[in-house]
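Observations on chain architecture
For reference, the chains in residue letters:
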Amino acid sequence: MSVFTHPEFDAHEELVFCRDAASGLSAIIAIHNTSRGPSLGGCRMWPYASEEEALGDVLRLSRGMTYKSALAGLPYGGGKSVVIGDPRTDKSPALFEALGGFVESLGGRYVVAEDVGISVPDVETMAKRTAHVAGVTAGGSGDPSPATAYGVFHGIKAAAAHRLGASDLTGIRVAVQGLGHVGFELCRLLHDAGAQLIVSDLNAEQVMRAKERFGAATASPDAIASVEAEVYAPCALGATLNDRSIPALKASVVAGSANNQLARREQGYMLKERGILYAPDYVINAGGVINISHEARSGQSEPYDREAAFAQVAGIGKTLSDIFAFAEQQGIATSDAADRLAEERFTAAGAKKAA
Ligand code: NAD
């Protein structure tokens, strides 16, 4: 297995391979970049088919966190951890305590939070062995989804203002794909702001709830990306923007919470050529990490301040407006504009730290 020459290695600062025989823990912690501050990122538990797959995932995800934190303006760098195992059968308190011990051994260079397969109680178990955790319930920020939805809502407002000249969302049609933790809360915010909703989910009960609560129209999972609407908000899976879906899109704005929305990087240009304004995923869905960073920063002594956290999350709208303007000025895709602006921020911070 190659590490330094791994295609996803990029310029990672540190990788820690964590093994605890007693609890059966096999995990990897990746620290991509700490030039803006300690690395912050969730822990994912997944039954990876191989160690190579786990390594590729953690490298890709931790790099992504560096870009996300930089554009969210946070004093954090990018990191991530993965536990190799099935979250339904392989969890134990000993396993998470052991992982907490490894996090603690990094002396604060990595701050752990929840991610796919990891729940708040798991992070609380890690906290028995380390102070470097975020996103725990007691006095903390808890579930990141409401903050994520709030950020996406402000992102949609900024994108609609930029592309459609809309001063508010009254009467704007938004097609929401996925009515989970983020999607349903987003629908509530959009409905309260006067938007018209078209929704889709694999779960028929959720669709029914949205219909009853928000008077939403519905579409099948196959059709939601191509319904008549001004905004398409992917809030389910990744890679929904692909060679098949992009030519069929009728919306002129794509702005949603899903991670890794572009199946391939170049598809940012397919959207640009079609005149569709794309709100880069890791910028618009940063509400959760902004919220968690407030808790991590407040430490053990100061209480978490929800109002201050949500005020910063609302700033995602302004960040996106700046990205849209920069992309236009440079004649590049918004996805590239976001990457360039993020790189400027974390490389400049690194240069300052080294000086
Ligand atoms: P979730 O699991 O609560 O909800 C996802 C919903 O999408 C489910 O209701 C599921 O039935 C539905 N779905 C799956 N496939 C679908 C399809 N083909 N068509 C329609 N619906 C489909 O997840 P979530 O926490 O709401 O997150 C949604 C997305 O946002 C994910 O991509 C996630 O990675 C991303 N995200 C979430 C957060 C957060 O704070 N929760 C933060 C950043 C990014």
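Quick caveat: nothing in here was measured; it's all calculated off a predicted structure.

Criteria and thresholds
Residues numbered from 1 in each chain as written. Predicted model: local features only at pLDDT ≥ 70, side-chain atom pairs only at ≥ 80, totals over all residues. Heavy atoms only, no water. Helix = DSSP H or I, 4+ residues; strand = E, 2+ residues; numbered from the N terminus. Buried < 20%, exposed > 50% of the residue type's maximum accessible area, 1.4 Å probe, protein only. Areas by Shrake-Rupley, 256 points an atom, 1.4 Å probe, with all protein chains shown as cover. Lys, Arg positive; Asp, Glu negative; His and termini not counted. Charge placed at Lys NZ, Arg CZ, Asp CG, Glu CD. Pairing = 2+ DSSP bridges. Near = heavy atom within 4 Å. Polar contact = N/O pair within 3.5 Å; in protein donor to acceptor, adjacent residues only side chain to side chain. Nonpolar A, V, L, I, M, F, W, Y, C, P; charged D, E, K, R; others polar. Expected span 1.5 Å × (residues − 1). Axes fitted to C-alpha atoms, helices over the stretch in contact; angles between N-to-C directions. Parallel < 35°, antiparallel > 145°, perpendicular 65-115°, else oblique. Left-handed = near helix turned anticlockwise from the far one by under 90°. Contact = heavy atoms within 4.5 Å. Domains from an automatic or database assignment.

Right, let's get into the overall build of the protein chain. A tally of regular secondary structure across the protein chain gives 13 helices and 11 strands. Projected onto its principal axes, the C-alpha coordinates of the protein chain cover approximately 55 × 50 × 40 Å. Across the 355 residues that make up the protein chain, the buried fraction comes to 55%. When the accessible surface of the protein chain is totalled, it reaches about 15,100 Å², and 51% of it is carbon and sulfur. In the protein chain, 32 positive and 41 negative side-chain charges are present, and the distance between their average locations comes to 4 Å.

This part is about the pairing of strand β1 (residues 14–20). Bridging between β1 and strand β2 (residues 25–33) involves 7 bridges; their strand directions are antiparallel. Its bridge partner being in β2, E14 is matched across the sheet by I31. With antiparallel pairing between neighbouring strands as the criterion, β1 and β2 make up a hairpin whose turn holds 4 residues, including G24 at a positive phi of roughly 85°.

Taken together, 20 residues form the shell around the ligand, and within it T148, H181, V182, D201 and A236 come nearest. At a separation of 2.6 Å, an oxygen atom of the ligand approaches a polar side-chain atom of D201. S257 is positioned such that a nitrogen or oxygen atom in its side chain is 2.9 Å from an oxygen atom of the ligand. Contact with the protein chains covers 73% of the free accessible surface of the ligand, which is 830 Å². Counting residues per element, the ones that place at least two in the shell around the ligand are α4 (145–164) and α5 (181–192). Residues of the shell around the ligand, tallied by class, amount to 9 nonpolar, 10 polar and 1 charged.

The strands that make up a sheet are held in pairs by hydrogen bonds between backbone atoms, and each pair lies either parallel or antiparallel. On the basis of which strands lie adjacent, the open sheet formed by 6 strands has the order β8-β7-β6-β9-β10-β11 and parallel pairing. Every interior strand has two partners, whereas the edge strands, β8 (217–218) and β11 (277–278), have only one. Inspection of the sheet shows strand β6 (residues 173–177) paired to strand β7 (residues 196–200) by 5 bridges, in the parallel sense. From the neighbouring strand, V174 faces β7, where its bridge partner is L197.

We now examine helix α12 (residues 316–330). End to end, α12 covers 21 Å across 15 residues, agreeing with the expected 21 Å (1.5 Å per residue, within 8%). For α12, the set of buried residues is I316, G317, T319, L320, I323, F324, F326 and A327. Of the residues trailing α12, G331 is marked for its positive phi of about 70°.

Two numbers describe how α4 lies on α12: the axes approach to 8 Å, and their chain directions differ by 40°. When the axes of α4 and α12 are compared, the pair comes out oblique. Viewed along their axes, α4 and α12 form a crossing whose handedness is right-handed. Across the interface between the two elements, G151, H154, G155, A158, A159 and H162 of α4 pack against I316, G317, L320, S321, F324, A325 and E328 of α12. Residues belonging to the contact of α4 with α12 are distributed by class as follows: 6 nonpolar, 6 polar and 1 charged.

As a further point, take unusual backbone geometry. Glycine aside, residues mostly have negative phi angles, and peptide bonds mostly take the trans form. Within the chain, D10 stands out as a residue other than glycine whose phi angle is a positive 50°. Checked against the element boundaries, D10 lands in the segment before β1. Here D10 falls in the partly exposed class, since its relative accessible area comes to 44%. Unusually for a residue other than glycine, A239 sits at a positive phi of about 60°. Relative to the helices and strands, A239 resides in the loop between β9 (231–234) and α7 (245–248).

Its place among the elements puts S200 in strand β7. On the basis of relative accessibility, which here comes to 2%, the residue S200 falls in the buried class. Here A219 takes part through its backbone oxygen, which lies 3.1 Å from a polar atom of the side chain of S200.

As a further point, take the domain arrangement of the protein chain. Size of an interface, as often reported, equals the accessible area lost when the parts are brought together. Each assigned domain of the protein chain is listed with its residue range as follows: domain 1 (14–62 + 77–138) and domain 2 (146–285 + 317–343). Its C-alpha centre places domain 1 at a distance of 30 Å from the equivalent point of domain 2.

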